[in-house]
Amino acid sequence: MAHDNKVVSFSGQKVPARFSLPAALVRLRDASGQSLKSVLASFFDRADDALFELADRAGTNLDQTAYFDAMRELRLRRKAMVVSILQYVSQAFNEIGKFQPQQATGTLEDLDQDSLSLVDHSQLEQQVAVDNLISKLRNRNTEQIRLLTVRVDHLVPGISLKDAQMPLSPEIICGGVAEACADLDIDIRAKLVVLKLFDRLLADTLGDFYKEANRTLINEGVLPEMKRPPAGKGPARSGPRPGGVGTGAGSGADVPSGPTGENYGGPSSQATFSELSALLHQGDAAPDGGGYGGAGYIDTDRLMARLTEAQSNSRQWGDGVVMPLNEQLQPILRSGDGQSLNPGQMDSDVINLVSMLFDFILEDRQLHPVMKALIGRLQIPVLKVALSDKNFFNRGGHPVRKLLNELALSAIGWTEKKAGQRDPLREKIESVVDRVLNEFTNNVALFEELLKDFSHFMDLDRRRRELVEQRLRDAEEGRARQERASQAAEGLVQELTGQRDIPESVAGLLNEPWTRYLQWVVLREGEDSARWQHARNLTEQLVWSVDPRPVSDTTRSELLRAIPGIVDDLRKALQEISWDPFATDAAIRDLELTHVDVFQRLVTAPSREEPSAEVARSMPPEASIGNVPQPDLVRPEGEPAASRQNPETASADQTVAKPTETVVEAGTRSAEEANIAPVADPVSPQWLEQADSLRVGSWIELNREETRVRCKLAAFIKATGKYIFVNRSGAKVAEYHRQELAADMEAGRISMLDDGLIFDRALESIIDNLRSSRKD
């Protein structure tokens, strides 16, 4: 047949063996797929709005058409594009090491002359857009991408993996984006709009995606101690140590570590334990094979059996009693005839490491002594886990480590209850410890069960505390708004009445119902609202109506026109806040009587000539009704004779007297303010910065009159600048302003509590101490 050469025979061909992904990579693939799906969903939600905004601002019809075409196509192809990108990334996982992402533009040295061809301009523009997105992702997330590359490379030691082949590399993700955009049925102009939209919206959201991917592998125990990527182009793969574990050949020079120690954690859990063992024996010329001396030897199985027998002894300890692990092991490592028993080198190293871990935990000042005693009873069970699973020291997600961390974290704010009071947290921790001591043999699944149960208990407890704290925050914020409204209302009344002669009945009206109305306006609509400005104007008119200064021949007629409106507005305002109608009627009657008195004084007062046109022109614009305080020229007939002197003389005398009164009043206020808030000594800027850096949820310890109170920051009220602290039950314990908080920190009356993971802190401390002793 003419086309026989196109027929391919499959006979004799073998199906290639499928590469089996490590379990950690399978979990990374599944978790990152869900995360990437959420990221893409957020992108498409934002893309529609962004394209509509671009179309609305387009300068030409051509640009607008491109934006609308892109918007329509994204809506139609959204699901297909998401599936295409996710399949592309999944393929990179399944074919790890073999999968090649779309090639980026290379250098001239990478090109073969025989392969040179003219590139379509539209394809070139698309490739440039993809390359720009790849570069932006790498530049913005360099450290997280390198950390992820090292961890993935660590899981596949038999595969030579280039940076671009890492399944979640920018090249893979952007290659999936480019492939999905290639199927869009739009012209190149609209397609470039879509690619630039990915550049604009996607690059900013993938930082958290890479952090989450690293956390997934850390939880799987993949290089959990690596805080920074190792120096150099790729991860350093190390082989087995020549001396091996338990040979005693390890020395300080055999332990790989960078300048800052981030590279702790070898290529496997055994290598990690080897490094710890080497650190323990640094400088030893020839270890004797055991840390407890004597000619006897005890293997791991016998040691585990003896530990199980002694495990329940800690229940007999009294409250608050903690026995170090070495003391607990003394009867275990002694035979019936009193002969000392020697564990093997590996077992001896495990015992030393677990002992140092618990030494750190039991000396940690973050924990209450009662809680230290409870956690200290778990020393032998934890030692049994470490003896049977050397991965215990390297796997961050190990259930025993997580349970210890959860127990310590829950106890950080705990304080002992009074006798007779129920303590649910203490009872729960005691039940967890008792179950471990009674039931644990070698079934680590027990810890997973207890961890799940304890986490559920803490979730319920946290929700209850969050409700209490939220009520407290709402109350404090409401109180702060009320204080601010009171200050604004009282400040306005004091400002407008400070130099006015206000009758007692009107002063009562202003200080009680009217101040309440002003507070209501501030709380409801704020100080920048038109309602507040109207209330301010009405207050000014009300004050002017009972003390009309300056007085002119037109004052009486102005009052006659203004008073009805003032009274009506006043009555409506008090009705709005549901003020007692009888009290409102009484206040209005008192105001009307005051207005009658004002008119009588205007009639009996000597007439004042209108200022000449030249003087009027020279007066400042502020010199209008109710704005400029003037000496009182209108006096009732009952005033003393000294008050009824010549207007010019009275004016002069009062002009001299007023400043004196003002100075006295100011001096009185200053003295009162000094008594309320004395001037504090200056606080060092570093303590002010530490107060500013305090985050909601941070725990502190207050030292008050030889008592220590533990509390956490529940809220920072911006309106008043207050830090609100609560105890573990959510009850308010203390409140500080910034200056007071920084001053108490500087004086040592407040100390910060570290709420980090206690096991991880303990392990880091051990490694740092061992390395420091090696350098010494």
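Residues numbered from 1 in each chain as written. Predicted model: local features only at pLDDT ≥ 70, side-chain atom pairs only at ≥ 80, totals over all residues. Heavy atoms only, no water.

Trainee: Just checking my understanding: could you explain the overall build of the protein chain for this structure?
Mentor: Broken down by element type, the protein chain carries 25 helices and seven strands. Across the 776 residues of the protein chain, 41% fall into the buried class. Of the contacts made within the protein chain by residues no fewer than 6 positions apart, 75% connect residues no fewer than 24 positions apart. For the protein chain, the computed accessible surface area is about 42,000 Å², with 50% contributed by carbon and sulfur atoms. (Helix = DSSP H or I, 4+ residues; strand = E, 2+ residues; numbered from the N terminus. Buried < 20%, exposed > 50% of the residue type's maximum accessible area, 1.4 Å probe, protein only. Contact = heavy atoms within 4.5 Å. Areas by Shrake-Rupley, 256 points an atom, 1.4 Å probe, with all protein chains shown as cover.)

Trainee: Is there a simple way to explain helix 24 (residues 738-747) in this structure?
Mentor: Helical periodicity: at 3.6 residues per turn, an α-helix aligns residues three or four positions apart in one direction. Every buried residue belonging to helix 24 is among Leu741, Ala742, Asp744 and Met745, and all of these are buried. Projected down its long axis, helix 24 carries its buried residues within an arc of 165°, all on one side. Next to the buried residues of helix 24 lie helix 23 (685-693), strand 5 (722-726), strand 6 (732-737) and strand 7 (750-752). Downstream of helix 24 by a residue or two, Gly748 has a phi angle that is positive, lying close to 85°. (Arc of directions from axis to C-beta.)

Trainee: Explanation requested: the sheet that holds strand 3 (residues 699-704) in the structure shown.
Mentor: Sheets are built from strands paired through backbone hydrogen bonds, the pairs being either parallel or antiparallel. Within the open sheet, the five strands sit side by side as 6-5-4-3-7. Their pairing is antiparallel. The open sheet is flanked by strand 6 and strand 7, the only strands paired with a single partner. Each strand of the sheet is rotated relative to its neighbour by a mean of 35°, with strand direction disregarded. As paired elements, strand 3 and strand 7 share three bridges and run antiparallel to each other. Opposite Glu701, over in strand 7, you have Ser751 as the bridge partner. (Pairing = 2+ DSSP bridges. Axes fitted to C-alpha atoms, helices over the stretch in contact; angles between N-to-C directions.)

Trainee: Would you mind showing me how to read the environment of Leu197 here?
Mentor: Note that Leu197 resides in helix 6 (residues 188-201). Owing to a relative accessible area of 2%, Leu197 belongs among the buried residues under this scheme. Not counting residues up to four positions away in its chain, the partners in contact with Leu197 are Phe43, Ala47, Ala50, Leu51, Leu74 and Leu202.

Trainee: Please clarify how the packing of aromatic side chains should be interpreted in this entry.
Mentor: Where two aromatic rings form a pair, the distance of their centres and the angle of their planes describe that pair. Within this structure, the stated rule accounts for nine aromatic pairs. Ring geometry for Phe440 against Phe447: centres 5.0 Å apart, planes inclined by 70°, an arrangement best described as edge-to-face. According to the relative accessible area criterion, Phe447 is buried, its value standing at 2%. With a centroid separation of 4.8 Å and 50° between ring planes, the pair formed by Phe716 and Tyr723 is classed as tilted. Among the residues examined, Phe716 registers a relative accessible area of 38% and is labelled partly exposed. Put simply, the rings of Trp514, Tyr517 and Trp520 pair up and form one aromatic cluster. (Phe/Tyr/Trp six-rings, centres within 6.5 Å; stacked < 30°, edge-to-face > 60°.)

Trainee: Any chance you could explain the nonpolar core here in plain terms?
Mentor: The nonpolar side chains of a soluble globular protein tend to be buried, and buried together. Grouped together as the largest cluster of nonpolar side chains are 71 residues, with contacts concentrated most on Leu25, Leu28, Leu51, Leu148, Val152, Leu168 and Phe198. Where this core is concerned, the elements lending two or more residues are helix 1 (23-56), helix 2 (61-94), helix 3 (121-140), helix 4 (142-155), helix 5 (170-182), helix 6 and helix 7 (206-219). The residues touching Val152, leaving out its near neighbours within four places in the chain, are Leu25, Leu28, Ile96, Leu161, Met166, Pro167 and Leu217. Counting residues in hydrophobic clusters, the runner-up holds 60 residues, among them Val370, Ile375, Val400 and Phe447. (Core = buried A, V, L, I, M, F, W, Y, C linked by side-chain atoms within 4.5 Å.)

Trainee: Is there a simple way to explain the pattern of salt bridges in this structure?
Mentor: Pairing is possible between side chains that carry opposite charge, provided their charged atoms lie close to one another. Evaluation of the coordinates by the stated rule reveals 29 salt bridges. For Asp69, the salt bridge identified is with Arg72, shortest N-O distance 3.1 Å. With Asp69 and Arg72 both in helix 2 and three residues apart, the pair spans about one turn of that helix. Two residues, Arg435 and Glu439, come together in a salt bridge whose shortest N-O distance is 3.0 Å. Taken together, the positions of Arg435 and Glu439, both in helix 15 (residues 424-439) and four residues apart, correspond to about one turn of that helix. One network of salt bridges, with partners in common, ties together Glu416, Arg426 and Glu430. (Salt bridge = Lys/Arg side-chain N within 4 Å of Asp/Glu carboxyl O.)

Trainee: How should unusual backbone geometry be read in this particular structure?
Mentor: Keep in mind that most residues, glycine aside, have a negative phi and that most peptide bonds are trans. That bond from Arg549 to Pro550 is cis: its omega, -5°, falls within 30 degrees of zero. Inspection of the secondary structure puts Pro550 in the loop between helix 18 (530-546) and helix 19 (555-576). Even without being a glycine, Leu223 presents a positive backbone phi close to 45°. Take Leu223: it is sitting in the loop between helix 7 and helix 8 (269-280). Judged by its relative accessible area of 7%, Leu223 is buried. At Ser578, a position not held by glycine, the phi torsion is positive, near 55°. Judged by relative accessible area, which is 64%, Ser578 ranks as exposed.

Trainee: What am I meant to see in the packing of helix 12 (residues 369-376) against helix 15 here?
Mentor: How two helices pack is summed up by the angle between their axes together with the distance between the axes. Direction vectors running N to C along helix 12 and helix 15 enclose 20°, while the axes themselves pass 9 Å from each other. Comparing the axis directions of helix 12 and helix 15 gives the class roughly parallel. Here the hand of the crossing between helix 12 and helix 15 comes out left-handed. On helix 15, the residues touching Val370, Met371 and Leu374 of helix 12 are Arg426, Ile429, Glu430 and Val433. (Parallel < 35°, antiparallel > 145°, perpendicular 65-115°, else oblique. Left-handed = near helix turned anticlockwise from the far one by under 90°.)

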